[in-house]
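Chains, contacts and geometry: an overview
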Amino acid sequence: MVAVHGKATGKRKADSFRLSFDQALTNSSSRPRIMRRTAIAHIRSVYKPHFLRPPNAQKSSEEPETLQINNPADGTVVASVVSATQQDVVECISQAEQTFLSGVWSSAPAKHRSTVLSRLARSLEEQVPHIAEIESLQTGRTIREMKTQLGRLPEWLDYYSALIRTQTAFVAPTSGPIHNFVSRVPLGVVAQITPFNHPLLIAVKKIAPALAAGNSVIVKPSELAPISVLEFAEMAVEAGVPEGVLSVLPGFGSKIGEALVSDPRVKKVDITAGTATGKRIGSLVGANISSFTAELGGKAPVVVFNDADIPSAVNGTAFASFVASGQTCVSGTRIIIQDEIYDQFVEQFLIKVASITRRIGNPMNPLSSMGTVISTRHLDRIHSMVSRTKGTVLVGGSPMQGPSPLDGFELSKGSFYPPTVISDVSLNDELWTEEVFGPVVVLQRFRSDNVGIQLANDCKYGLGASVWTSDIAKAHWASAAIQAGLVWVNTHHRNDPSSPWGGMKASGIGRENGVEALESYSQSKSTIINISSTEAMRKDDWFAESGGPARYG
């Protein structure tokens, strides 16, 4: 552990911060009460697993479970989803393997796969308003956020469509009269386990390179939010992805997920999950000598140096901390602020938090600032962690109740937790060490630059981090010193299909995005051709009775 300079702000300072927050919270001079709600279009009452069932398949003796997908904002039922069964898993893998071996997709020219992915991207563009509504209803996230996020997803399909058109094999500089060309070939059947926080975003990040490489893909989406992934699989077929190439098996991870990743016919598993789940799945995958990519937990530090532009840092930290209601693996949860600007930063940050809080309303309202967390169970977990802290809760700290100041929406019906800011936490506090996965941040003060970096690295996780400074030399030094797979400077949570995404330490293994992701869904294959003359080849006889010189290797 490292020493923390100027730890306690004191009761008077905390009360001052709270007063600033309360004044900002009650500033309702421009409080809009308009709520627009789009029609719930084309959402089916029941969804089923999406996979190519074998001809003459026998009816399973196992009764499938039905998952009830609830809207976290008000508890109403969005749809029912029939869970896959154990038999479905076995049959799905068999059909995916047969489809792969048929070559209908795995051996299709790269130009053809590229064309289909581009067509799928255009289809997804057209469906963004519809899919965004589904995403908002099943996750409780705001419609504004979902439309903006999903609007970028075609970029992943377009990127990998272009990448496979431009990818080239190479000739290895092998010695002797040998022509050795190296190509990449798909792995086979691959499985992907995706989470609830970004249901379609994370699924598409994984599906796009896997399909581009020519694999047969089976997705097990979160049991809390599987609808958008099921809809996307149907869109893929319409765009030209053959049946059996992309399958979706909804269900509980402990049953369907583990059955899927344990099957030795699955050649790669790619997951986004908590670290404990990643360890368990990794052990199952390792037993089959299969490839494994895992984007796991995080506890991202946001390091704000004295020379940072405070308004920019405040806005960026608010985005880092509270977008997606804090339910991202790179959420900025540990705000580490240098001493000279600490008070000024916190005062402005709390004003920003108050603005976010008073604009929380119906997630379907485009003016709503932040949505719910995923479920009442998760809400209780977050509140339990906050309740146990010995730190000073400056703002927030309890589930939201009563009508929204924004639009009158009854917040007590849903899993709404306000942006919560806590100071004076010890470095042993679980809010400092463990992932909350909610809109909860802790503040820490530091004096010297080195201590700021030590605090940033005082964590078992290493996924994301951000640095705020106007000194370019300090930006390079700090970003190099922070132990994280992603370090942003004067921004946070920027993502692009070309930019590798993954963590260090307990935050995972492997990378999403970029060329690395495409190559992780394929393997190199060397073809070595002897181009000697026939006469020379006849002389190349290791076991000749003459025992003369011969090539070895």
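Remember, it's a predicted structure, so these values are computed and weren't measured experimentally. (Residues numbered from 1 in each chain as written. Predicted model: local features only at pLDDT ≥ 70, side-chain atom pairs only at ≥ 80, totals over all residues. Heavy atoms only, no water.)

**So, the pattern of salt bridges**
Once the charged atoms of two side chains with opposite charge are near each other, the side chains can pair. The full count for this structure, using the stated rule, is 22 salt bridges. Residues K460 and E434 are paired through a salt bridge, measuring 3.1 Å at the closest nitrogen-oxygen approach. Residue K460 is found in the loop between α14 (449-457) and β16 (461-462), and its partner E434 is found in the loop between α13 (430-433) and β15 (440-446); the two are separated by 26 residues along the sequence. With a relative accessible area of 30%, E434 lands in the partly exposed category. (Salt bridge = Lys/Arg side-chain N within 4 Å of Asp/Glu carboxyl O. Helix = DSSP H or I, 4+ residues; strand = E, 2+ residues; numbered from the N terminus. Buried < 20%, exposed > 50% of the residue type's maximum accessible area, 1.4 Å probe, protein only.)

**A word on empty space enclosed by the protein**
In the structure shown here, the tally under the stated rule is three cavities of 30 Å³ or more. Counted as a void, the largest cavity has a volume near 90 Å³. For the largest cavity, the lining is made up of 13 residues, of which H198, I202, E295, H493 and W501 are closest to its centre. Here the lining of the largest cavity gets three residues from one element, more than from any other, and that element is helix α6 (residues 199-213). Considered class by class, the residues forming the lining of the largest cavity number five nonpolar, six polar and two charged. Domain assignment of the residues forming the lining of the largest cavity places at least three in each of domain 1 (46-53 + 63-295) and domain 2 (300-497). (1 Å grid on protein atoms, 1.4 Å probe; cavity = no way out; pocket = protein on both sides within 12 Å on 5 of 7 lines; lining within 4 Å. Points joined across faces, edges and corners; volume = space filled by probe spheres on them. Nonpolar A, V, L, I, M, F, W, Y, C, P; charged D, E, K, R; others polar. Domains from an automatic or database assignment.)

**A few points about the sheet that holds strand β10 (residues 291-295)**
Spatial strand order, β8-β7-β6-β9-β10-β20: six strands in an open sheet with mixed pairing. The strands lining the two open edges of the sheet, one partner per strand, are β8 (246-248) and β20 (508-509). As defined by bridge partners, strand β9 (residues 266-272) adjoins β10 across five bridges and the pair is classed as parallel. Opposite I271, over in β10, you have A294 as the bridge partner. Across the sheet, α6 is in contact with β6 (189-193), β7 (216-220), β8 and β9; its angle to β6 comes to roughly 170°. Strands β6, β7 and β9 of the sheet are contacted by helix α8 (residues 253-262), whose axis makes an angle of about 160° with β7. (Pairing = 2+ DSSP bridges. Contact = heavy atoms within 4.5 Å. Axes fitted to C-alpha atoms, helices over the stretch in contact; angles between N-to-C directions.)

**Some words on the packing of helix α3 (residues 110-139) against helix α7 (residues 227-239)**
Direction vectors running N to C along α3 and α7 enclose 160°, while the axes themselves pass 9 Å from each other. Classified by the angle their axes make, α3 and α7 are roughly antiparallel. Relative to α7, the crossing made by α3 is right-handed. In this structure, α3 contributes V116, R119, L120, S123, L124, Q127, H130, I131, I134, E135 and Q138 to the contact, and α7 contributes I227, S228, E231, F232, M235, A236 and A239. Class assignment for the residues of the contact of α3 with α7 results in 10 nonpolar, five polar and three charged. (Parallel < 35°, antiparallel > 145°, perpendicular 65-115°, else oblique. Left-handed = near helix turned anticlockwise from the far one by under 90°.)

**So, the UniProt feature "domain: Aldehyde dehydrogenase" (unreviewed entry) in the protein chain**
Cross-referencing UniProt, the feature "domain: Aldehyde dehydrogenase" (unreviewed entry) maps to residues 62-526 in the present numbering. Secondary structure across residues 62-526 comprises 41% helix and 20% strand; the distance between its end C-alpha atoms is 45 Å. (UniProt positions renumbered as here; feature names shortened; annotations may be inferred.)

**Re the side chain of Q192**
Here Q192 shows up in strand β6. Under the relative-accessibility criterion, Q192 is labelled buried at 0%. There is a polar contact of 2.9 Å between the side chain of Q192 and the backbone oxygen of K206. Discounting chain neighbours no more than four positions away, the residues touching Q192 are A203, K206, I207, A210, V217, I218, V219, K220, D270 and Y521. (Polar contact = N/O pair within 3.5 Å; in protein donor to acceptor, adjacent residues only side chain to side chain.)

**Things to note about the UniProt feature "active site" (unreviewed entry) in the protein chain**
The sites that UniProt annotates as "active site" (unreviewed entry) are E295. Take E295: it is sitting in strand β10.

**Observations regarding helix α2 (residues 86-102)**
The end-to-end C-alpha separation of α2 is 25 Å, in line with the 24 Å expected for 17 residues at 1.5 Å each. Here α2 has its buried residues at D88, V89, E91, C92, I93, Q95, A96, T99 and F100. Following α2 by one or two positions, G103 has its phi on the positive side, about 80°. (Expected span 1.5 Å × (residues − 1).)

**Focus on the domain arrangement of the protein chain**
You can read the domains of the protein chain as domain 1 (46-53 + 63-295) and domain 2 (300-497). The gap between the C-alpha centroids of domain 1 and domain 2 is 30 Å. In this assembly, 27 residues from domain 1 lie in contact with 27 residues from domain 2. Between domain 1 and domain 2, a total of about 2200 Å² is buried, with carbon and sulfur atoms accounting for 62% of that surface. (Buried area = accessible area lost by both parts, 1.4 Å probe.)

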